Amino acid sequence: MDTFGCPFFIFCDIYSLMGKVTVTTMTPEGLLKRFSGLPPYKTFYSWDAARTADLISDIDRSAGSGGYSLGTVIFCRDELVDGEARIITLALIFRALGLEYPSITKYWTPEELRRIKDNQRVIARSLAGVDRSRFRKTLLEETFLTCITTEELTDSFSFFDSGRERGRELDCADILKAYHLVSMRRESESDKSEAVSGWESLTKDDLLHLLSLQAMLWHWLRGEGAYPLTKEQSYLFEGVEKDRKYPYVERVIRSGFCLESPMINGKWFFDHTFHYMALLNDVYRMIREGLPSILRKVDFQNPSEVRCMDLFLALALFAADRFGADSGILLPKLFMYAFSLRLENASVTLERINAHVLAPYSMLTAIRYASDVSEVLSYNLALRLDGMKNIAFRTRGPVRDIDFEKDFDFWLKEGE
């Protein structure tokens with residue numbers, strides 16, 4: 001028992017899995033007492049005033065109900081993997097109640113400081129509207145969290161999906177950020193902070209789109225069909241620790257980035273992501289300069305055209321990875337290869353995309369094994385895609401074969 005008269009840990013359902021994972025139910029006070037420090041490079045504090053007000057309301061309404069769960073926090077040894085936002089918010093609530101709370105230090109961004117001030121105000125207002133004595137008792141004695149502590153990082157991430165911020169589903173980017181930050185535990189604080197600031201500077205949509213394009217290429221290059229990116233596919237971006245003395249690891253670290261290289265955990269992964277985000281931006285710049293009409297004419301509300309566009313972008317990224325700025329001359333051909341599916345099918349499914357890419361002598365294969373960009377430029381679409389039909393003409397007579405000289409003018413030429 002602690003000095004407040006309530007247990008720091010409620011040892012119910014404590015068990016061990018394979019000797020590596022311990023699951024403990026604990027009170028918020030126990031969590032704050034045991035884990036009083038957070039590394040400065042941990043995730044951005046994202047809780048807003050509405051979420052904090054909802055949390056206080058939920059705890060207050062749960063009084064006498066037999067217990068309120070704040071979800072799961074996950075640690076790899078003493079390193080927090082998931083749950084920082086809840087720890088910070090609980091510390092703010094404890095402070096407002098006059099309870100003992102840890103001093104949590106890290107590099108706070110201006111946006112985080114604004115959120116903390118907003119949350120302090122909403123906590124004060126919310127507590128003014130409840131019975132503080134009852135709320136305090138509910139928080140200290142009837143509220144609990146499940147704490148999962150593992151010895152191995154891989155075990156932490158087998159449980160990471162359990163960590164929620166009031167029901168927000170974790171996505172692939174969330175999982176990968178935490179996974180690779182924990183792999184940086186021996187790196188300098190400046191390297192960790194640089195990795196986080198670089199990651200946070202990217203929008204979630206841009207980041208997930210890049211990861212999706214990379215995942216598609218990963219599957220196709222292994223002769224497999226691709227499918228939509230989910231958090232379960234985060235394993236595609238989890239690699240080997242850099243201190244493994246394997247020759248292939250040393251070669252990858254020395255040789256720089258390549259879309260076909262194995263992943264190296266930690267700082268290398270972040271640098272790899274920043275490199276390919278910059279390269280994808282270069283691809284968009286080449287499109288704007290060489291084929292500006294397609295960004296206006298592709299219907300991004302049409303799932304079929306979005307799938308074809310993703311195929312085009314994945315091929316363009318792969319080509320840029322091999323040939324750099326010289327790959328710009330390939331863009332019209334890559335676009336026609338991808339959008340030939342749109343001409344032939346009213347609905348372009350992912351299954352059709354996979355069959356197109358995995359067919360013998362596909363464009364992906366041509367890029368992969370070409371030693372010079374001219375070899376890809378000479379790829380004969382009419383020969384390789386012989387027999388593909390343009391159903392757009394079915395109302396004007398017999399459906400005919402795609403004409404690779406004219407049928408893409410709507411997208412590729414201005415004013416068509």
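Source: prediction; values computed, not measured.

Reading guide: rules and limits
- Residues numbered from 1 in each chain as written.
- Predicted model: local features only at pLDDT ≥ 70, side-chain atom pairs only at ≥ 80, totals over all residues.
- Heavy atoms only, no water.
- Helix = DSSP H or I, 4+ residues; strand = E, 2+ residues; numbered from the N terminus.
- Contact = heavy atoms within 4.5 Å.
- Areas by Shrake-Rupley, 256 points an atom, 1.4 Å probe, with all protein chains shown as cover.
- Buried < 20%, exposed > 50% of the residue type's maximum accessible area, 1.4 Å probe, protein only.
- Pairing = 2+ DSSP bridges.
- 1 Å grid on protein atoms, 1.4 Å probe; cavity = no way out; pocket = protein on both sides within 12 Å on 5 of 7 lines; lining within 4 Å.
- Points joined across faces, edges and corners; volume = space filled by probe spheres on them.
- Nonpolar A, V, L, I, M, F, W, Y, C, P; charged D, E, K, R; others polar.
- pLDDT = per-residue confidence, 0-100.
- Salt bridge = Lys/Arg side-chain N within 4 Å of Asp/Glu carboxyl O.
- Axes fitted to C-alpha atoms, helices over the stretch in contact; angles between N-to-C directions.
- Parallel < 35°, antiparallel > 145°, perpendicular 65-115°, else oblique.

## Some words on the overall build of the chain
Logical step 1: A tally of helices and strands in the chain yields 19 helices and seven strands.
Logical step 2: Nonlocal contacts in the chain, meaning residues at least 24 apart in sequence, comprise 71% of its contacts between residues at least 6 apart.
Logical step 3: For the chain, the accessible surface area stands at approximately 19600 Å², while carbon and sulfur atoms represent 51% of it.

## Let's talk about the pairing of strand 3 (residues 68-76)
Two faces, one strand: in a regular strand the side chains alternate between the faces of the sheet.
Logical step 1: Taking burial as the measure, the nine residues of strand 3 include seven buried ones, the bulk of the element.
Logical step 2: Note that strand 3 and strand 5 (residues 143-150) share seven bridges and pair parallel. Counterpart to I74 in the pairing with strand 5 is I148.
Logical step 3: In this structure, strand 3 lies alongside strand 4 (residues 79-82), joined through three bridges in antiparallel fashion. Note that in strand 4 the partner of C76 across the bridge is E79.
Logical step 4: Linking strand 3 back to strand 4 in an antiparallel pair, the connection comprises two residues, with R77 at a positive phi of about 55°.

## Describing the layout of surface pockets
Logical step 1: Looking at the second largest pocket, its volume works out to about 340 Å³.
Logical step 2: Lining the second largest pocket are 20 residues, and of these S212, Y227, P228, L229 and D310 lie nearest its centre.
Logical step 3: At the level of secondary structure, the elements contributing two or more residues to the lining of the second largest pocket comprise helix 9 (204-221), helix 13 (303-323) and helix 15 (350-358).
Logical step 4: For the lining of the second largest pocket, the leading source of residues is helix 9, giving six residues.
Logical step 5: The residue makeup of the lining of the second largest pocket, split by class, is 12 nonpolar, three polar and five charged.

## Some words on the confidence of the model for the chain
Logical step 1: Looking at the chain, the pLDDT average stands at 84 and 86% of residues meet or exceed 70.
Logical step 2: Counting interchain partners and residues more than four positions distant, the pLDDT-below-50 stretch residues 1-19 has 38 contacts.
Logical step 3: Low pLDDT, under 50, characterises residues 161-167; the stretch is placed with 22 contacts to residues that sit more than four places away or in other chains.

## Overview of the pattern of salt bridges
Logical step 1: Taken as a whole, this structure holds 18 salt bridges when the rule is applied.
Logical step 2: Here K242 and E187 are joined by a salt bridge, their closest N and O atoms 2.8 Å apart. Of this pair, K242 sits in the loop between helix 9 and helix 10 (247-255) while E187 sits in the loop between helix 7 (172-182) and helix 8 (189-200), and the two are 55 residues apart along the sequence.
Logical step 3: Judged by its relative accessible area of 47%, K242 falls in the partly exposed class.
Logical step 4: A salt bridge links D271 to K267, with the shortest nitrogen-to-oxygen separation between them at 2.8 Å. One end of the pair is D271 and the other is K267, both in helix 11 (residues 267-290) and four residues apart, which spans about a single turn.
Logical step 5: Since its relative accessible area comes to 26%, D271 is described here as partly exposed.
Logical step 6: Taking relative accessible area as the criterion, K267 reaches 29% and is therefore assigned partly exposed.
Logical step 7: Overlapping salt bridges bring together E111, R114, R115, D118 and R121 as one network.

## Topic: the packing of helix 7 against helix 9
Logical step 1: Direction vectors running N to C along helix 7 and helix 9 enclose 85°, while the axes themselves pass 10 Å from each other. Accordingly, the angle class assigned to the pair helix 7 and helix 9 is roughly perpendicular. In this structure, helix 7 contributes C172, A173, D174 and L176 to the contact, and helix 9 contributes K204, L207, L208 and L211.
Logical step 2: Grouping the amino acids of the contact of helix 7 with helix 9 by side-chain chemistry returns six nonpolar, no polar and two charged.

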